[in-house]
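Chain by chain, the residues run as shown.
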Number of protein chains: 2
Amino acid sequence: MANFELMRRLAKDTGGKIVLLVMDGLGGLPLEVNGQTELETATTPNMDRLAREGSTGLSIPISRGIEPGSGPAHLALFGYDPLVYDVGRGALEAAGAGLHTQPSDVAARGNFATIGEDGRITDRRAGRIATEKGEAACEAMSAIKLPGVELTVREVKEHRFAIVMRGEGLDHRILDTDPLEVGLAPLPAKPWPEAADDPAALHTADLVNQFIAQAKDILKGHHPANFVNLRGFAGDPALPKFKEVYKLNAACMAVYPMYKGVSRLVGMDILESDAHDTPLDEFQRVADVWDKYDFFFIHIKYTDSRGEDGLFNEKVAVIEQVDASLPALVDLAPDVLIVTGDHSTPAKLSSHSFHPVPTLIWAPATHMRDRVTGFGERECMTGALGQFPADELIQLALGHAGRLARYGA
Amino acid sequence: MANFELMRRLAKDTGGKIVLLVMDGLGGLPLEVNGQTELETATTPNMDRLAREGSTGLSIPISRGIEPGSGPAHLALFGYDPLVYDVGRGALEAAGAGLHTQPSDVAARGNFATIGEDGRITDRRAGRIATEKGEAACEAMSAIKLPGVELTVREVKEHRFAIVMRGEGLDHRILDTDPLEVGLAPLPAKPWPEAADDPAALHTADLVNQFIAQAKDILKGHHPANFVNLRGFAGDPALPKFKEVYKLNAACMAVYPMYKGVSRLVGMDILESDAHDTPLDEFQRVADVWDKYDFFFIHIKYTDSRGEDGLFNEKVAVIEQVDASLPALVDLAPDVLIVTGDHSTPAKLSSHSFHPVPTLIWAPATHMRDRVTGFGERECMTGALGQFPADELIQLALGHAGRLARYGA
């Protein structure tokens, strides 16, 4: 983890501009014994040049052998040890939906579902209703009243929404109400086993059950979205903020809500985006506000999506698309440009994986050129950065940008 | 950090002799994209042979991305995590001046200054008076009496001196009295904000102000050294000692006071030296007492000085001078010879930097030869030692010397 105490002491609000370009699930595996990975297969003259001139290495997102989720993997890239800052999914979803939480709040993810006359779930996603229908259903649920609680309900996308409960004496240690299978009845909210006798947890579970009961009444006319399941109950993680710890004015350029959520939780401004933004669109949105920030986190989603779908060539194509657009970013003349992933998603596995992630740091004033000649998993194994914990990348970024004072005389 | 508990349990007072040769600020950067670093440019047949035969790697002095000061960087080389052992500059200066401190003492750095009739500082360094004049002024100040305090004042060099106050109820949390600019009045000593109401800190501040007032009286005839500023107030850091933790009789061969200071604080004997000693002189001084010690720390200052001055070729020349003298050290047949730096000082940056430091361990009985063919930054990236925290180097040294018992059966 970035040493926050040290960062607070050494970080300066002057120095170079940093761009952190994250291709989600960048790392891959060869399909055949003598084969190449997705990144090695891709034709990437721009990344190859940056890797050749700068420093490369492999980052370990969580811990050796551990397959990361996207939330923890991004926390690591931002300098937070994901084993220390165990941010609940509800908090990410709420933040991604644009809701601001306080440490005493309880947030959760909600799914619209379809429930039959017999009280059993027939569709856990309510036929993936259109986002506008989800918005109307959320609007209707705003009539729900819970004693002593200020409630916010916000549509995320299709059947997904987020809620935040604000009030005295709440506790997020509540089990999911989603039975996870159709044909089963929804589960009543109840505290985690270790909080079974905790008055705040019992009180919160009671409030959640009131919420679900009122929602069921209200949603009668919204078939197939006639019921809600809630999961991922979480408190606000009270993460130290980029400005306070690193003295960075930081902005997030991401298209998907979850990545906006984790960025908002660390205090970044969230730049305007559109679901159809290409990598080039994202880079141009960054260019538009280039003078306003010291640090830009740019997230590319589709490397991961194609990997998850097992589509090797399509993942290669996304990497090539990013590379072709990269000059738009390099032309902004960042002092430090980092290209990496949050974790690996080899098409071979159709899944996230534990493999360390190719990383390059290009910072003409300060980088140490290594002997690497291109950007790829095997090249990065011999690079100047070695293998390093992903949650120390931010220190390297600040160091390369000349934004840290000397430690000691 | 070296695991002190483990070292106390496993270290043996028998085994091989260790030499730790530190070229201050050794690591560098190329001046041009395709260029070589200072160490790579230097013709170093002797170091190249040691690197070829032995193990190489890169050491990280403090933490990734952090630019180290010399004090913390040396503590790391000696096995102390500099983030845990935050040794104040006053304690280093006093130790460097040959003063022994106890944990309840308060030490500080002093500067002779020139003060005008109007009570404002006109020269913060009193015209860099000759060391003999500083000695005379320190001698005069030995007449200062502080109630309940045993006071020691010792000249360091030119306008610099050190003081140690010994007594009951002292506290080192005192702000610097140096206004840092000419034309300003000196600052009265007062406690750190967080110790503003602490009786010991208030008492100590009062004593410091008495010291300064008496010094001003005494120094009237010593123009331009007619005043003193004090800074870097620090307690004795109570570092575990080499003999106790590592079972090493250790000696320090350094020319500059600060390096003698940090060595004294870890319990090394300080070998006689002269300000004009060359690397060869230093090696010969080690040869003179070769049989008396198990461990020699040898410090070469000028690699850092030339780097700080931005003099690439001159830094190269210092490295070559050390290399040419190296046979005198190798001929002593140490069991373990380590060549490294405390941090990087690239001439390109004219400053210390965060870059990891080339390191070689040559220990014919135990070293693992890697595929490295010479001593340089890029070579060391692929060496047997990998990248490692500098404060674990001492464990590697002891291990290579056969001075650690097996852990467990």
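Residues numbered from 1 in each chain as written. Chains lettered and ligands numbered in written order. Predicted model: local features only at pLDDT ≥ 70, side-chain atom pairs only at ≥ 80, totals over all residues. Heavy atoms only, no water.

1. Observations regarding the sheet that holds strand E12 (residues 357-362) of chain B
Residues and elements named next belong to chain B. Rule in force here: When DSSP locates at least two bridges between a pair of strands, those strands are taken to pair. A run of H or I in DSSP counts as a helix once it spans at least four residues, and a run of E counts as a strand once it spans at least two, with each numbered from the N terminus. Working rule for contacts: check all heavy atoms of both residues, and any pair within 4.5 Å makes them a contact. For helices, the fitted axis covers only the stretch in contact; all axes are lines through C-alpha atoms, and the angles between them, taken along N-to-C directions, range from 0 to 180 degrees.
In spatial order, the strands read E9-E8-E10-E1-E11-E12-E2-E13; together these eight strands make up an open sheet with mixed pairing. The open sheet has two edge strands with one neighbour each: strand E9 (269-270) and strand E13 (386-389). Contacts from helix H10 (residues 279-288) reach strand E1 (18-23), strand E8 (250-253) and strand E10 (295-300), with the element oriented near 165 degrees to E10.

2. Some details on the interface of chain B and chain A
Applicable threshold: The term buried area refers to how much accessible surface (probe radius 1.4 Å) is lost by two components on association, counted for both of them together. A side-chain nitrogen of Lys or Arg and a carboxyl oxygen of Asp or Glu constitute a salt bridge if their distance falls within 4 Å. In the analysis that follows, any N or O atom pair within 3.5 Å is treated as a polar contact, provided that within protein one partner can donate a hydrogen and the other can accept it, and provided that, for residues neighboring in sequence, both atoms belong to side chains.
Across the contact, 34 residues belong to chain B and 33 residues belong to chain A. When the two sides are added together, the surface that chain B and chain A hide from each other amounts to roughly 2500 Å², 54% of it contributed by carbon and sulfur. When the area that chain B buries against chain A is broken down by residue, the three leading residues are Arg64(B), Arg378(B) and Met381(B), summing to 25%. A salt bridge links Arg371(A) to Glu379(B); its shortest N-O distance comes to 3.6 Å. Where chain B meets chain A, there are 14 residue pairs in polar contact (both at pLDDT 80 or more). Of all the secondary-structure elements, those providing two or more residues to the side of chain B that touches chain A are helix H4 (70-77) and helix H13 (377-380) of chain B.

3. Let's talk about the environment of Ala405(B)
Residue and element names in this part refer to chain B. Definition in use: When a residue's accessible area, from a 1.4 Å probe over protein chains only, is under 20% of the maximum for its type it is buried; when over 50% it is exposed; and in between it is partly exposed.
In this structure, Ala-405 sits in the segment after helix H14 (393-400). Taking the relative accessible area as the measure of exposure, Ala-405 reaches 31% and is therefore partly exposed. Apart from residues no more than four positions distant in its own chain, Ala-405 is found in contact with Leu-10 and Lys-12.

4. Notes on the relation of the copies chain B and chain A
The test is simple: Copy-to-copy alignment: least squares on C-alpha atoms, limited to residues at pLDDT 70 or above in both.
Taken as rigid bodies, chain B and chain A are interconverted by a rotation of 123 degrees and an axial shift of 0.3 Å, the fit giving an RMSD of 0.3 Å. The transformation relating the two chain copies, once decomposed into turn and shift, fits a three-fold axis. Across chain B, the smallest distance between a C-alpha and the rotation axis is recorded for Thr382(B), namely 3.6 Å. Of the residues that chain B buries at the interface, just 6% are likewise interface residues in chain A, meaning the two copies contact each other through different surfaces.

5. So, a negative patch on the surface
What counts here: A residue counts toward a patch only above 30% relative accessible area and without a salt bridge, and it is joined to like-charged neighbours within 9 Å or, for Val, Leu, Ile, Met, Phe, Trp and Tyr, to nonpolar neighbours within 5 Å. Only the protein chains shown count as cover for residues, and the accessible areas themselves come from Shrake-Rupley with a 1.4 Å probe. Charge convention: Lys and Arg are scored as positive, Asp and Glu as negative, and His as well as the terminal groups of each chain are ignored. Charge positions come from single atoms, namely NZ of Lys, CZ of Arg, CG of Asp or CD of Glu.
A grouping of Glu67(A), Glu308(A), Asp309(A) and Glu314(A) is seen on the molecular surface, where their side chains present a negatively charged patch. In this structure, Asp309(A) sits in the loop between helix H11 (302-308) and helix H12 (312-330).

6. Some details on the sheet that holds strand E2 (residues 55-60) of chain A
Residue and element names in this part refer to chain A. Spatially, E9-E8-E10-E1-E11-E12-E2-E13 is the arrangement adopted by the eight strands of the open sheet, whose pairing is mixed. Strands with a single pairing partner mark the edges of an open sheet, and in this sheet they are strand E9 (269-270) and strand E13 (386-389). Note: strand E1 (residues 18-23) against strand E11 (residues 336-340), five bridges, orientation parallel. Across the sheet, Leu-21 pairs through a bridge with Val-339, a residue of E11.

7. Comments concerning helix H9 (residues 257-265) of chain B
Residues and elements named next belong to chain B. Among the nine residues in H9, nine count as buried, and that is most of the element. Buried residues of H9: Pro-257, Met-258, Tyr-259, Lys-260, Gly-261, Val-262, Ser-263, Arg-264 and Leu-265, and no others. The inward-facing, buried residues of H9 abut H4, helix H5 (89-96), strand E5 (149-157), E8, E9 and E10. Within two residues after H9, Gly-267 carries a phi angle of roughly 90 degrees, on the positive side.

8. Observations concerning the side chain of His400(B)
Within the secondary structure, His400(B) is located in helix H14. Ignoring sequence-local partners within four residues, the contact set of His400(B) consists of Val336(B), Ile361(B), Ala363(B), Thr366(B) and His367(B).

9. Some points on the environment of Asn46(A)
Residues and elements named next belong to chain A. Looking at the element boundaries, Asn-46 is found in helix H3 (residues 45-53). For Asn-46, a relative accessible area of 25% translates into the label partly exposed. Separated by 55 residues in sequence, Asn-46 and Thr-101 have C-alpha atoms that sit 40 Å apart. Beyond its immediate stretch of four places on either side in the chain, Asn-46 contacts Asp-323, Ala-324, Leu-326 and Pro-327. Here Asp-323 takes part through its backbone oxygen, which lies 2.8 Å from a polar atom of the side chain of Asn-46.

10. A few points about the confidence of the model for chain A
Here is the rule: Per residue, pLDDT captures the predictor's confidence, and it can take any value from 0 to 100.
Per-residue confidence for chain A averages 96 on the pLDDT scale, and 100% of its residues sit at or above 70. Across the interfaces of the predicted complex, the ipTM metric reaches 0.91, alongside a pTM of 0.92.

11. Re the side chain of Gln395(A)
Position of Gln395(A) among the secondary structure elements: in helix H14 (residues 393-400). A polar contact is formed between the side chain of Gln395(A) and the backbone nitrogen of Asn3(A), at a distance of 2.9 Å. Not counting residues within four places of it along the chain, the set of residues in contact with Gln395(A) comprises Met1(A), Ala2(A), Asn3(A), Met7(A), Leu404(A), Ser63(B), Arg64(B), Gly65(B) and Ile66(B).

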